[in-house]
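Observations on chain architecture
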Amino acid sequence: MAFFVYSLFLTAIISAVFIIILRASRLRRLRLPPGNLGLPFVGETLQLIAAYKTENPEPFIDERVRQYGSIFTTHVFGEPTVFSADPETNRFILQNEGKLFECSYPGSISNLLGKHSLLLMKGSLHKRMHSLTMSFANSSIIRDHLMLDIDRLVRLNMDSWTDRVFLMEEAKKITFELTVKQLMSFDPGEWSESLRKEYVLVIEGFFTVPLPLFSTTYRRAIKARTKVAEALSLIVRERRKEYEGGERKKDMLGALLGGDDNFSDEEIVDFLVALLVAGYETTSTIMTLAVKFLTETPLALAQLKEEHEGIRAKKSESEALEWSDYKSMPFTQCVVNETLRLANIISGVFRRAMTDIDIKGYTIPKGWKVFASFRAVHLDHDHFKDARTFNPWRWQNNSGTSCPGNLYTPFGGGPRLCPGYELARVELSVFLHHFVTRFSWVPAEEDKLVFFPTTRTQKRYPINVQRRNESSSSSSSS
């Protein structure tokens, strides 16, 4: 018996070694992009994390592009990965979703979002759910149903601002309340604020080692995710009872309950978890960085103020913005475009090769991950003049619509184009309108950008605010 077990064990080891040798031999025959796989298992993950904790927005990719070119091989988050800083390659990756590439994210993100999240869905189910999500965030829905809520909730939050505020925190409250309202018809309250604080912990765990034993941050994130799921499950169960009793609400949750897919509570909760992350974290960061960039660019701020004061002059103080007002903000759209380009809240996307793929003279092996970096393209001086400088005027010719689609991709592209892209632009525009017409401000202290695990400011961007109707110095806001 012992001999049999020993023989079985020896056979398993020999088989494993043989497979590794075969795989290594196969990879040698392929023309892989140049690069460095780093240490066993860890690869270059530690270098990537350390690099993005600096003030340089793209140090990891910059260094390797200089050394290897715009397509290179590395090993991060436990897997060999091909990075692309090439716009044509990025477009190829995005357009071939479901054909040559499939969606694939690090285990930490997948585990925290849930297996039924839109980000991880594939095939016809993803197509249906992506269309459903877009139907709740398209121009006509925003114009006819969401515009008033956006204006009301932005005002409501700003009403409480006095003296020193942490702009990042306030922006997160606004966007979380807007997203909860859109998805579940909830107005802000203690429940939504308690849920938001758990979300902060969930997001912190996105780019950690997905092993609770080794990562305190990931362990906290898993506990917070459980609390979020429990809170949302309670809402889903209550709404399901209401729905079965004939009560209907025209929001995302209502559409999920009333659809033909017969989703379980768990599936709906996963779907809502991911949409709350998408609607909350990214837009709030864009709001904060738009103010930061404008504060540091007085000419742009002055021109933006002039545009919004012209709109406000035609309205009473308490009158809400309408869709026609949003469409009368040409310079604001330049500011939005440039903030999206420079901030790069979504730095890129992970995909997995479904087969061996030949591109630009290299082969990406089946099963390998690829990372299409939007930020590397947006910050490349070959594509945008003075690429790392905030310059909204670069978009003034047709609001930048002449920019090739593969160069400017703040919302991704292909079948996974961000379904809330128009909603994010509207929320940011309404926020800027009320911010610059109601307040003057100065930074309370110096604050710097960091880029890991997500793009944000180190100190939540503290500012000292003063209501403009209380100050005679309305022209000095920064």
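Worth saying up front: this structure is predicted, and the values here are computed from it rather than measured. Think of each chain on its own: its residues are numbered from 1, step by step along the sequence as written. Owing to the predicted nature of the model, reporting of local features is limited to residues with pLDDT of at least 70; listing and counting of side-chain atom pairs is limited to 80 or more, with chain, interface and lining totals taken over all residues. Side-chain metrics in this entry use all non-hydrogen atoms of the structure; hydrogen atoms and water are not considered.

**Re helix H12 (residues 265–295)**
Spacing of three or four residues puts side chains on the same side of an α-helix, whose turn is 3.6 residues. A run of H or I in DSSP counts as a helix once it spans at least four residues, and a run of E counts as a strand once it spans at least two, with each numbered from the N terminus. Here the expected span of a helix is defined as 1.5 Å times the quantity of residues minus one. Taking 1.5 Å as the rise per residue, H12 with 31 residues should run 45 Å; its terminal C-alpha atoms sit 45 Å apart, in good agreement. Only protein chains enter the calculation, and the probe is 1.4 Å; a residue is then buried if its accessible area is under 20% of its type maximum, exposed if over 50%, and partly exposed in between. Most of H12 is tucked away, with 27 of its 31 residues classed as buried.

**Some details on the packing of aromatic side chains**
A pair of Phe, Tyr and Trp rings is counted when the ring centres sit within 6.5 Å of each other, with Trp represented by its six-membered ring. The angle between the planes then sorts it: under 30 degrees is stacked, over 60 is edge-to-face, the rest tilted. Applying the stated criterion to the full structure yields 22 aromatic pairs. On the numbers, 6.0 Å between centres and 70° between planes, the contact of Trp 161 with Phe 435 is edge-to-face. Here Trp 161 is found in the loop between helix H7 (139–158) and strand S4 (164–166), whereas its partner Phe 435 is found in helix H17 (residues 421–438), with 274 residues between them in sequence. Across this residue pair, the class does not change: Trp 161 and Phe 435 are buried. Taking the centre distance of 5.1 Å and the plane angle of 80° together, the rings of Phe 176 and Tyr 280 count as edge-to-face. Linking Phe 176 in helix H8 (residues 167–184) with Tyr 280 in helix H12, this pair joins segments that are 104 residues apart in sequence. With relative accessibility at 1%, the residue Phe 176 sits in the buried group. Accessibility expressed as a relative area gives 0% for Tyr 280, which makes it buried. Here the aromatic residues Phe 60, Phe 72, Phe 77, Phe 83, Tyr 105, Phe 350 and Phe 371 are joined through ring pairs into a cluster of three or more. Note on geometry: a ring has a charge over it if NZ (lysine) or CZ (arginine) is within 6 Å of the ring centre and within 35 degrees of the ring normal. One residue, Arg 248, lies across the ring of Tyr 243, its end atom 3.7 Å from the ring centre. In this arrangement the basic side chain of Lys 369 is found over the ring face of Phe 350, its NZ or CZ atom lying 5.5 Å from the centre.

**With respect to unusual backbone geometry**
Positive phi values are uncommon outside glycine, yet Asn 262 reaches one of about 50°. If you trace the backbone, Asn 262 turns up in the loop between helix H11 (252–258) and H12.

**Brief notes about a nonpolar patch on the surface**
Any residue with relative accessible area above 30% and no salt bridge may belong to a patch, with like charges joined within 9 Å and the nonpolar Val, Leu, Ile, Met, Phe, Trp and Tyr side chains within 5 Å. Throughout, the Shrake-Rupley method with a 1.4 Å probe supplies accessible areas, and for residues the shown protein chains are the sole cover considered. By salt bridge we mean one thing: a side-chain nitrogen of Lys or Arg within 4 Å of a carboxyl oxygen of Asp or Glu. On the surface, Val 209, Leu 211, Leu 213 and Phe 214 cluster together to form a nonpolar patch covering roughly 460 Å² of accessible area. Position of Leu 211 relative to the elements: it lies in the loop between helix H9 (190–204) and helix H10 (216–244). Judged by relative accessible area, Leu 211 falls into the partly exposed class, the value being 39%.

**Focus on the packing of H12 against helix H15 (residues 330–343)**
Whenever a helix is involved, its axis is fitted only over the stretch in contact; in every case the axis is a line through C-alpha atoms, and angles between N-to-C directions fall within 0 to 180 degrees. Put simply, H12 and H15 touch, their axes get as near as 10 Å, and they point 105° apart. As judged from the angle between their axes, H12 and H15 are roughly perpendicular. Contacts from Ile 286, Leu 289, Ala 290, Phe 293 and Leu 294 in H12 reach Val 335, Thr 339, Leu 340, Leu 342 and Ala 343 in H15. Residues are grouped as follows: Ala, Val, Leu, Ile, Met, Phe, Trp, Tyr, Cys and Pro are nonpolar; Asp, Glu, Lys and Arg are charged; every other residue, Gly included, is polar. By residue class, the composition of the contact of H12 with H15 is nine nonpolar, one polar and no charged. Orientation is classified from the angle alone, with under 35 degrees giving roughly parallel, over 145 giving roughly antiparallel, 65 to 115 giving roughly perpendicular, and any other angle giving oblique. We call two residues contacting when some pair of their heavy atoms lies within 4.5 Å.

**Thoughts on the sheet that holds strand S12 (residues 462–467)**
Two strands form a pair only when DSSP identifies at least two bridges running between them. Sheet architecture is open: three strands sit in the order S4-S12-S9, paired in antiparallel fashion. Both edges of this open sheet fall to S4 and strand S9 (439–443), since each of them pairs with a single strand only. Strand-to-strand twist in this sheet, taken as the mean axis angle between neighbours without regard to direction, amounts to 40°. Across five bridges, the pairing between S9 and S12 is antiparallel. In the strand pairing of S12, Ser 440 is matched with Gln 466.

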